[in-house]
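Coordinates in review
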Amino acid sequence: MPAKGVQVPNGTDIRIEGVRLALGDDPPVPVLGGVDLQVPAGTVTAIVGPSGCGKSTLLDVVAGLAAPDAGTITGAGSVALMPQRDALMPWLTLRANIALGAELAGASRDDAGRRAEEAIARLGLTGFADHYPHALSGGMRQRAALARTLLAARPAWLLDEPFGALDALTRTGMHDVLRDLMAEVRPTVLLVTHDIAEAVALADRVLVAGPRPMAIIADIDAGPGTDDAQAADAVMTALRTAGALA
Amino acid sequence: MSTAGHGQPVSATAPGGSTMPRRRLRRLLPVLILPLLAIAAWQVAIWVAAPREWMLPSPAAVAEAGWDARERLWFHAQWTLLISVIALLITAAAGAALAYVIARSRMSRLAIYPWVIVSQVIPLVALAPLLVLWLPSFAAILVLAVLMSIFPVIVAGVDGLGGTHRDLIRAARGLGASDGWAWRHVRVPAALPRLFTGLRMAAVFVVSGAVVGELVASDRGLGALTRLSAGQFETPLTFAAVVLLALIGLGLFGVVALAERLALPWTRRSTRPRSRS
């Protein structure tokens, strides 16, 4: 069951078909070269690919922050995006940062504050509600960003290299936190990461993206019952085939 | 403040456990070194060259003239201070508003920003006689002070609004915020530290603007007093007025810095806000 007071709608499918996008004017640079993928409701799909291949741009398109030149997206509008690093507002306290998710979902300020307190307790941040982000460790800020995403009460989450800035130990701890949260809330998750081990550990499926303009070149099963090492090997083989690994 | 770690916030502690007054004194001493050296060199120059007092008075003569004319100085200082404060408030409001308008759209940036820059290329001192022709004295000085101080506020504001970290905008928009909401609640607060940098510069320039205006268009104010006293070879009084002007500039700078400290608690080194939110 979700944490008390946190109500998240049931997961929703995300379906991306033939999405193309070029950025810039002089001349336009193709970034997304016809992306097709589907994230079934309540599952976690990771995208792994070389740096700069267009993974973050794809998330922007799914979140509605950029309009594709072609293609269709189903499930857009029901997503909450968590960008790289924590992206907490430096001028807001931890409580206010977390409450922002609920406020943007339409909750009153009081209600948002109450939900933020519950999320703070749920994610082990009790005692730090009045601290500003700069005074917290990377792991705490990341937990707060997750709490903010949770309070947005969207059925689908887009996580853009959420733990890329953390050290290995903190990242492993955050994987546990995210896994617990996903087990409770069952959101549909599209996770972008450059860390193959992270993708295999957290996702049910790992999609391998080719170099820019981005297209999905491999779809690897990494769900329960599969061997993580074999899945990681398959991801690396696909990346090597795409010329993304030496 | 660095905050690397795995769970505990980093707290700001006084290095070496120094008490507050001693720490303040330690910070104040380096500030005083340069003016003390300058006064010493000035006094040595007086002893060596023995110039006439109306050419270069000694520091002691300046202090004595300042004390003797304290009521006159205070009378003029009030006027300069009043104009500077009003001009600074106008500069802050108009500069921030213009920065917002310029940064908000590409069209307004193209239409307004180049002309703001051009306005600074024109020597504003040369505008003073024209302003006196067109406006009452007080208004002319005010306009001059605003024109001389608004540029850094606009530039800092535009840079601040345009330089908001992309991930902060993405975080808000990605949670459903509209573009307008992101401007009001993300870009504007993110721009405040830079805006205050511009305001600190403006606090100094605004005094210069007021003085230029008073030199040309007024019989009141420290600018007018420097003109009158220099014309009557009361050089020690001229120096005293200049010292007072420097103190006013310093004071306004300090007031803006204090306002920044109070308005932007998250930029302080302490880990907790003063009051619970």
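Structure's up top.
First, a word on what this report is: a plain description of the structure on this page.

Residues and elements named next belong to chain A. Strand order across the open sheet formed by six strands is 5-6-7-3-8-9, with mixed pairing between neighbours. Edge positions in the open sheet fall to strand 5 (79-82) and strand 9 (216-221), since each of these has one partner strand only. Pairwise comparison of adjacent strand axes, ignoring direction, gives a mean angle of 20° for this sheet. Bridge count for strand 3 (residues 44-48) against strand 7 (residues 188-193) is five bridges, and the pairing is parallel. Its bridge partner lying in strand 7, A46 is registered against L191. Contacting strand 3, strand 5, strand 6 (156-160) and strand 7, helix 1 (residues 55-63) runs over the sheet at an angle of about 155° to strand 6. Its contacts with the sheet place helix 5 (residues 168-185) against strand 3, strand 6 and strand 7, and it is angled at close to 165° to strand 6.

One pass over the structure, following the stated rule, counts 18 salt bridges over all chains. Residues D13 of chain A and R15 of chain A are paired through a salt bridge, measuring 3.6 Å at the closest nitrogen-oxygen approach. Residues E260 of chain B and R200 of chain B are paired through a salt bridge, measuring 2.3 Å at the closest nitrogen-oxygen approach. Placement of the pair is E260 of chain B in helix 10 (residues 235-263) and R200 of chain B in helix 8 (residues 179-217), with a sequence separation of 60 residues. Given a relative accessible area of 15%, E260 of chain B falls into the buried group. Assessed through its relative accessible area of 21%, R200 of chain B is described here as partly exposed. Where salt bridges share partners, they join D60 and D160 of chain A together with R166, D167 and R170 of chain B into one cluster.

What counts, and where the lines are drawn
- Residues numbered from 1 in each chain as written.
- Chains lettered and ligands numbered in written order.
- Predicted model: local features only at pLDDT ≥ 70, side-chain atom pairs only at ≥ 80, totals over all residues.
- Heavy atoms only, no water.
- Pairing = 2+ DSSP bridges.
- Helix = DSSP H or I, 4+ residues; strand = E, 2+ residues; numbered from the N terminus.
- Axes fitted to C-alpha atoms, helices over the stretch in contact; angles between N-to-C directions.
- Contact = heavy atoms within 4.5 Å.
- Salt bridge = Lys/Arg side-chain N within 4 Å of Asp/Glu carboxyl O.
- Buried < 20%, exposed > 50% of the residue type's maximum accessible area, 1.4 Å probe, protein only.

Everything listed here is a matter of coordinates, which is why it stays silent on function.
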